[in-house]
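Structure at a glance
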Amino acid sequence: MRRPDPKIVRWGILIALLVAWELVPRMGLLPELFLPRLSKTLTVLWIDLDKYWAALLVTLYEVVLAMVIACGLGIVAGATIGGIAVLRDLLLPVFSSLYAVPIVILYPIFTAWFGIGSQSKVMFAGIYGFFPVMLSTAAGIRTIDPQFLLAARSMGATVTQQITKVIIPASLPTVFGGLRLGGALAIIGVIVAEMLTASAGIGYLVTLNRTILDSPRVFAGILCILVLSVAYDIIARRLERRMVVWQSAGRRQQQASPRPIAQGAPAPAAA
Amino acid sequence: MQYVADMKGAQTAGAAIDIDRVSHVYAGPEGGVQALSDVSMKVGAGRFIVIVGPSGCGKTSLLMMMAGLRDHTEGRIHVHGAPIPKPDPERVGVIFQEASLFPWLTTFDNIEFPLSLRGMSREERRRRSEPMLSLVGLSGFGERYPHELSGGMKQRVSIARGLVQDPPVLLMDEPFAALDEQTRMTMGHELLRIWSTTNKTVVFITHSLTEAVYLADEVYVMSPRPGRMIDHIMVDLPRPRTYEMMATDTFGRLRDRIWQQIRKSH
Ligand SMILES: Nc1ncnc2c1ncn2[C@@H]1O[C@H](COP(=O)(O)OP(=O)(O)OP(=O)(O)O)[C@@H](O)[C@H]1O
Ligand SMILES: [Mg+2]
């Protein structure tokens, strides 16, 4: 049997969910307080568009800054720790354990230090997203095939050239995996922080409307967050695919049915 | 090339590779591991040399030293009249067992890698890599990535990369070990064709005695660790070599002699 096109499946699921969102409350299967119908949600979103748009911009601003911190610090720290054996043995276990700690418990401290404005969200989400970036960068550098470096050295590569022409491209796929996860965590971090203590942002709007039991406006906020995360995921995937052509191509080929690539020695082509 | 003159000189005056009483101990607990013991060999320019020996006897170590990739504790190694304290791609090209091509580069970019290290312009690089690609029979595959090539094709690219800087000496560490037997035979034959057009000095490590006799002008046999040279066999089969020669008595006798030497040394 032929497998259905994953693209069609994806869209099918999305449309089914949206239809269910409209029909389930309409048919009274769930009270509208728990799940307001889609049309109502969209209507309030339309009415309050200015408000939601302003909140989304605040959130976006915080997310972008948090991502910069997470990726920047994560790559630098990961490269340092992954590249230097002593640091790796000392620090990597510590960071791996820290990664497992729910850092949300530290958020009150962040608000005490940085106030309830954007700064505390950015710092918190930045550190939240930092860990996967740092760990995967360290892993990417650690797991480079030493044969690559030996070959590069035999061709006369200097230390700088070994870094720029071998270590960086070789670790890119692993690093990118961490960047994608780190970016996602940065979004989660900002939203969660906004929901806990804030005066602006989409997360704040959700919490605010929840306390006054305005379900359609809560769900309008959730919809914005969904769109934001999905958009991020699509962009990140695109970027990743473009940056590591060789890797994704290799993966695609393994998945596809065996394509008859040229086997053994081709007839020597006289050029 | 500047080394062509040297090579001609070397044929009469000295050797392309001159290894003089080299020993090596890998540092480690309990005095370390002695990998090589008093190894000497002289390789004439343009010769095809094969080294055989049991696993762990130090063949790779010796090759690394000739490439300037590893130090040795005692003795002297000269390549074209000078020591080789660090890799010098204009003197020595190395081809490894695993093709060790960079998976993020196309065939062209892989072959041109050593040239790009020296900051050569794109046009100049392409001008140099194109003939190499056709020399190894892969014209038209320049834009492919390694994962799109078969094992034999990857090893051809690897050979092209070793040749692109036109070093007078080519070192090959079991380059065809990962290939199936048929591909391996064709590759050996191809290598001889390429070698005969380029005039390189080749040092080739293998575990296959048939491959050794088929390819070599001279075969060196090493003892188990610590590696010493225990035999030096001249292969006086005519060139170009043909597959039919493998069935001849001379071929059998040479292969047998190598085998006896390796067996005796255990
Ligand atoms: N970097 C190293 N540090 C310590 N010991 C080493 C190192 N490299 C090789 N050795 C040791 O030196 C000896 C020779 O190794 P080498 O790789 O040169 O052997 P080889 O003849 O190439 O073996 P094979 O045929 O299996 O490839 C081995 O006993 C090996 O354990
Ligand atoms: Mg070896």
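First, a word on scope: everything that follows refers to the structure included in this document.

Conventions adopted
- Residues numbered from 1 in each chain as written.
- Chains lettered and ligands numbered in written order.
- Predicted model: local features only at pLDDT ≥ 70, side-chain atom pairs only at ≥ 80, totals over all residues.
- Heavy atoms only, no water.
- Helix = DSSP H or I, 4+ residues; strand = E, 2+ residues; numbered from the N terminus.
- Rg over C-alpha atoms; globule rule 2.2 N^0.38 Å.
- Buried < 20%, exposed > 50% of the residue type's maximum accessible area, 1.4 Å probe, protein only.
- Contact = heavy atoms within 4.5 Å.
- Areas by Shrake-Rupley, 256 points an atom, 1.4 Å probe, with all protein chains shown as cover.
- Lys, Arg positive; Asp, Glu negative; His and termini not counted.
- Charge placed at Lys NZ, Arg CZ, Asp CG, Glu CD.
- Patch = residues over 30% accessible without salt bridge, like charges linked within 9 Å, V, L, I, M, F, W, Y side chains within 5 Å.
- Salt bridge = Lys/Arg side-chain N within 4 Å of Asp/Glu carboxyl O.
- Near = heavy atom within 4 Å.
- Polar contact = N/O pair within 3.5 Å; in protein donor to acceptor, adjacent residues only side chain to side chain.
- Pairing = 2+ DSSP bridges.
- Expected span 1.5 Å × (residues − 1).
- Arc of directions from axis to C-beta.
- Axes fitted to C-alpha atoms, helices over the stretch in contact; angles between N-to-C directions.
- Parallel < 35°, antiparallel > 145°, perpendicular 65-115°, else oblique.
- Left-handed = near helix turned anticlockwise from the far one by under 90°.
- Nonpolar A, V, L, I, M, F, W, Y, C, P; charged D, E, K, R; others polar.

A separate point is the overall build of chain B. Scanning chain B from N- to C-terminus turns up eight helices and 10 strands. For 266 residues, the compact-globule estimate of 2.2 N^0.38 gives 18 Å, and the C-alpha radius of gyration of chain B, at 18 Å, lies within 12% of that figure. Out of the 266 residues in chain B, the part that is buried amounts to 57%. Counting only contacts in chain B whose residues sit at least 6 apart along the sequence, the fraction spanning at least 24 positions is 68%. For chain B, the exposed area adds up to about 11,100 Å²; of that, 50% sits on carbon and sulfur atoms. Taken together, the 31 basic and 31 acidic charged side chains of chain B have centroids lying 2 Å from each other.

With that settled, consider the environment of A:Ala236. Counting through the fold element by element, A:Ala236 comes out in helix H10 (residues 215–243). Taking relative accessible area as the criterion, A:Ala236 reaches 12% and is therefore assigned buried.

With that settled, the discussion passes to a positive patch on the surface. Residues and elements named next belong to chain A. A surface patch of like charges, here positive, comprises Lys7, Arg10, Arg238, Arg241 and Arg242. At the level of elements, helix H1 (6–26) and H10 are the ones that each hand at least two residues to the positive patch. In terms of residue count, H10 provides more of the positive patch than any other element does, three residues in total. Tracing the backbone shows Arg241 in helix H10.

Attention shifts here to a nonpolar patch on the surface. All names here are of chain A. Together, Ile84, Val86, Leu90, Leu91, Val94, Leu98, Val101, Ile105, Leu106, Ile109 and Trp113 give the surface a local cluster of nonpolar side chains, amounting to about 1,000 Å² of exposed area. Elements that contribute at least two residues to the nonpolar patch include exactly helix H4 (85–100) and helix H5 (107–114). Per-element accounting of the nonpolar patch gives the leading share, five residues, to H4. Looking at where Leu106 falls in the secondary structure, it is placed in the loop between H4 and H5. With relative accessibility at 37%, the residue Leu106 sits in the partly exposed group.

All names here are of chain B. Taken together, 13 residues surround ligand 1, and among them Ser55, Gly56, Lys59, Thr60 and Ser61 come closest. Here an oxygen atom of ligand 1 sits 3.0 Å away from a polar atom, N or O, in the main chain of Gly58. Protein coverage of the free-state accessible area of ligand 1, which is 640 Å², stands at 65%. Residue contributions to the shell around ligand 1 peak at three residues, all from helix H2 (residues 59–66).

Residues and elements named next belong to chain B. Both strand S1 (residues 17–26) and strand S2 (residues 33–43) contribute to a ladder of seven bridges, which runs antiparallel. If you follow Val25 over to S2, its bridge partner there is Gln34. Hairpin remark: S1 followed by S2, antiparallel, with six residues in the connecting loop; positive phi at Glu30, about 55 degrees.

Bringing helix H8 (residues 249–264) of chain B into the picture now. Residue and element names in this part refer to chain B. Between its terminal C-alpha atoms H8 stretches 22 Å, which fits the 22 Å expected from 16 residues at 1.5 Å a residue. All of the buried residues along H8 are Phe251, Leu254, Ile258, Gln261 and Ile262. Mapping the buried residues of H8 onto a view down its axis gives an arc of 100 degrees, with all of them on the same face. Counted as exposed and oriented over 90 degrees from the buried face of H8: Asp249, Arg253 and Lys264. In this fold, the buried residues of H8 make contact with strand S3 (48–52), helix H7 (209–215), strand S9 (218–222) and strand S10 (229–234). Where H8 begins, the side chain of Thr248 points an oxygen toward the backbone nitrogen of Phe251, at a separation of 3.3 Å.

This part is about the packing of helix H8 (residues 159–196) of chain A against H10(A). For any two helices packed against each other, the geometry is given by the interaxial angle and the distance between the axes. Residue and element names in this part refer to chain A. Between H8 and H10, the shortest axis-to-axis distance is 11 Å and the interhelical angle comes to 165 degrees. Between H8 and H10, the angle is such that the two are roughly antiparallel. As H8 runs across H10, the sense of the crossing is right-handed. Residue-level inspection shows Leu172, Pro173, Phe176, Gly177, Leu179, Arg180, Gly183, Ala184, Ile187 and Ile191 of H8 in contact with H10, the latter providing Ile225, Leu228, Ser229, Tyr232, Asp233, Ala236, Arg237, Leu239, Glu240 and Met243. Of the residues in the contact of H8 with H10, the class split is 13 nonpolar, three polar and four charged.

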